[in-house]
Amino acid sequence: MTASLVPPPEDPSHADPAPGPDFITPAGDLFVRAHMGIPRLSADTWTLTVEGLVERPLRLDLPAVLAHPAGQLTAVHECFGSPLRPDVPTRAVANVEWTGFPLAALLDRAAPLPTARHVVLEGADTGSFADEDGVSYVKDLPLTVARRDVFLAHHLNGEPLPARHGHPLRAVVPRMFGTNSVKWLTRIVLTDERPEHMFTTRFYNRVLPGHDTPQPVREVDVNSRLTSPERDAELPYGTITVRGRAWSTTEVVRVDLSVDGGPWEPARLNTLGADPAWQGFSLRHWFTPGPHTVRSRATDAAGRVQPPPGSRNSVHEVAFTVT
Ligand SMILES: Nc1nc2c(c(=O)[nH]1)N[C@H]1C(S)=C(S)[C@@H](COP(=O)(O)O)O[C@H]1N2
Ligand SMILES: [Mo]
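Remember, predicted model here, so these are calculated numbers, not experimental data.

What counts and what doesn't
- Counting of residues starts from 1 at the beginning of each chain's written sequence and follows it residue by residue.
- Lettering for chains starts from A, numbering for ligands starts from 1, and both go in the order in which the items are written.
- pLDDT decides what is reported in this predicted model: residues at 70 or higher carry local features, side-chain atom pairs at 80 or more are listed and counted, and totals for whole chains, interfaces and linings draw on all residues regardless.
- The side-chain quantities take in all heavy atoms of the structure and omit both hydrogens and water.
- To qualify as a helix, a DSSP run of H or I must reach at least 4 residues; to qualify as a strand, a run of E must reach at least 2; elements of each kind are numbered from the N terminus.
- Both definitions apply: the radius of gyration is a C-alpha atom measure, and the globule rule equals 2.2 Å times residues to the power 0.38.
- Between buried and exposed lies partly exposed: a residue is buried under 20% and exposed over 50% of the maximum accessible area for its type, with that area taken using a 1.4 Å probe on protein chains only.
- In what follows, residue pairs with any heavy atoms lying within 4.5 Å of each other are defined as contacts.
- Every accessible area reported is derived by Shrake-Rupley at a probe size of 1.4 Å, with residue values counting cover from the shown protein chains alone.
- For every domain, the bounds stem from an assignment made automatically or drawn from a database.
- Two parts placed together each lose some accessible area under a 1.4 Å probe, and the buried area is that loss summed for both.
- We define a salt bridge as a contact between a side-chain nitrogen of Lys or Arg and a carboxyl oxygen of Asp or Glu at a distance within 4 Å.
- Polar contact criterion, stated in full: a pair of N or O atoms within 3.5 Å, where within protein one must be able to donate a hydrogen and the other to accept it, and residues adjacent in sequence count only if both atoms are side-chain atoms.
- Stacked, edge-to-face and tilted labels apply to pairs of Phe, Tyr and Trp rings (six-membered ring for Trp) whose centres lie within 6.5 Å, assigned for plane angles under 30 degrees, over 60, and everything in between, in that order.
- Note on criteria: charge over ring means Lys NZ or Arg CZ within 6 Å of the ring centre, with the direction from the centre no more than 35 degrees off the ring normal.
- UniProt positions are given in the numbering used here, feature names are shortened, and annotations may be inferred rather than shown by experiment.

Student: Could you give an account of the overall build of the chain, naming the residues involved and the relevant values?
Tutor: Each helix and strand counted, the chain has 4 helices and 21 strands in total. In summary, the chain has a C-alpha radius of gyration of 22 Å against a globular reference of 20 Å for 323 residues, a match within 12%. Judged by the C-alpha coordinates and their principal axes, the chain covers about 70 × 40 × 35 Å. Buried positions account for 50% of the 323 residues belonging to the chain. Taking the contacts inside the chain whose residues are at least 6 apart along the sequence as the reference set, 72% of them involve residues at least 24 apart. By element, 52% of the accessible surface of the chain is carried by carbon and sulfur atoms, the whole surface being about 14800 Å².

Student: Provide a residue-level description of the domain arrangement of the chain, including the pertinent values.
Tutor: Many analyses report the size of an interface as the accessible area lost when the parts associate. Segmenting the chain into domains produces domain 1 (3-15 + 221-322) and domain 2 (31-216). Taken over C-alpha atoms, the centre of domain 1 sits 32 Å from the centre of domain 2. Across the boundary between the two partners, domain 1 contributes 18 residues, which contact 20 residues of domain 2. Carbon and sulfur atoms supply 50% of the area that domain 1 and domain 2 bury against each other, a total of about 1600 Å² over both sides. Across the contact surface, domain 1 and domain 2 share 2 salt bridges. Salt-bridge contacts for Arg-206 lead to Asp-221; the nearest nitrogen and oxygen are separated by 3.0 Å. At the boundary of domain 1 with domain 2, the tally comes to 12 residue pairs in polar contact (both at pLDDT 80 or more).

Student: Before we move on, can you summarise the packing of aromatic side chains with the specific residues and values?
Tutor: Here the structure, examined in full by the defined rule, presents 8 aromatic pairs. Between Phe-129 and Phe-199, the ring centres sit 5.2 Å apart and the planes meet at 55°, which makes this aromatic pair tilted. With a gap of 70 residues between them, Phe-129 in strand β5 (residues 118-129) and Phe-199 in helix α4 (residues 198-202) connect regions that are remote in the sequence. On the basis of relative accessible area, Phe-129 is assigned to the buried category, the value being 15%. In this structure Phe-199 comes out as buried when scored by relative accessible area, which is 0%. Between Phe-129 and Phe-203, the aromatic rings sit 6.1 Å apart at their centres with planes inclined by 80°, giving edge-to-face as the arrangement. Placement of the pair is Phe-129 in strand β5 and Phe-203 in the loop between α4 and β11 (205-206), with a sequence separation of 74 residues. It is Arg-297 that lies over the ring of Trp-264; its NZ or CZ is 4.3 Å from the centre.

Student: Give a detailed account of the UniProt feature "domain: Oxidoreductase molybdopterin-binding" (unreviewed entry) in the chain, specifying residues and quantitative values.
Tutor: UniProt marks residues 35-197 with the feature "domain: Oxidoreductase molybdopterin-binding" (unreviewed entry), using the numbering shown here. The straight-line gap between the two end C-alpha atoms of residues 35-197 is 14 Å; of that span, 12% is helix and 42% is strand.

Student: Give me the pattern of salt bridges: which residues, what numbers.
Tutor: A full pass over the atoms with the stated rule returns 16 salt bridges. Here Asp-256 makes a salt bridge to Arg-254, at a shortest N to O gap of 2.6 Å. Since its relative accessible area comes to 39%, Arg-254 is described here as partly exposed. The salt bridge involving Asp-256 is made with Arg-297; its shortest N-O contact spans 3.6 Å. Of this pair, Asp-256 sits in strand β16 (residues 252-259) while Arg-297 sits in strand β20 (residues 290-300), and the two are 41 residues apart along the sequence. Within this structure, Glu-78, Arg-206, Asp-221 and Arg-312 form a network of salt bridges that share partners.

Have a look at this one:
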């Protein structure tokens, strides 16, 4: 198989192509993860409490929550995958515009006591998971991290949160895996120790490079996904623009593509804006008739590089045919 490279029209290191129409994922295309099913909460009776190690416990109804000055946050939203199979790549990823306000606003009102070290977020969904009944959805973060990062969202892409995405209020933790973004949020508890729970200390833990013991699944990995051509597509012979998205906890500074196992070639890459969104990349390439594969490999500003096949964030590969 021979394929020759057509040089991109601009120097890839300076390219900043427009985000494009699919920069924001439409709500209808968004993945849905609900470990115990989707609860239907009534906006009239729903309340959120902030309790535990605080000076002033709070109970807010929906009008009180919506009265908080709201802002927008566009963020990558990535599912870690099954907590029972932590090494399998899923690349279930989206880019969503959330509307809401920082959790810090509520923490300031509740005034955590000096002994408070952790913030526990609890959803209203309960049911069976992994052969246990009466399970609820609970996640925790260090207080300093929660105060800095957690966003409370009541709108998704400008519309009130649909039931399946956490109506009426959910947490969003940018730069962390979706598992931390607790939906159907009803209880926020400040504690001095991490909570022992199915979804905190049992599942969603993994051994990271540089650690001997499992760590909670929090920060996303450097990753990329090819979006075009699609897998198994049949395309007419000629120059094809290969496109995709890359993301990490920090800016992705390069994406390299390899065609048919050939040398890595730098793609044009969008710079990261103010929001923790994904970044688009593209490369125009001349393809001869026949079967082809393209691989993408992202590198971030911290020097992390997508590993070879075998890890959950390994280089992404798409196979397609040119006719
Ligand atoms: N209450 C609750 N929150 C939850 C979950 C859940 O099962 N229950 N699933 C988590 C997981 S694993 C992910 S990936 C995201 C998915 O959010 P989405 O369904 O809105 O895309 O929600 C997280 N928040
Ligand atoms: Mo997930």
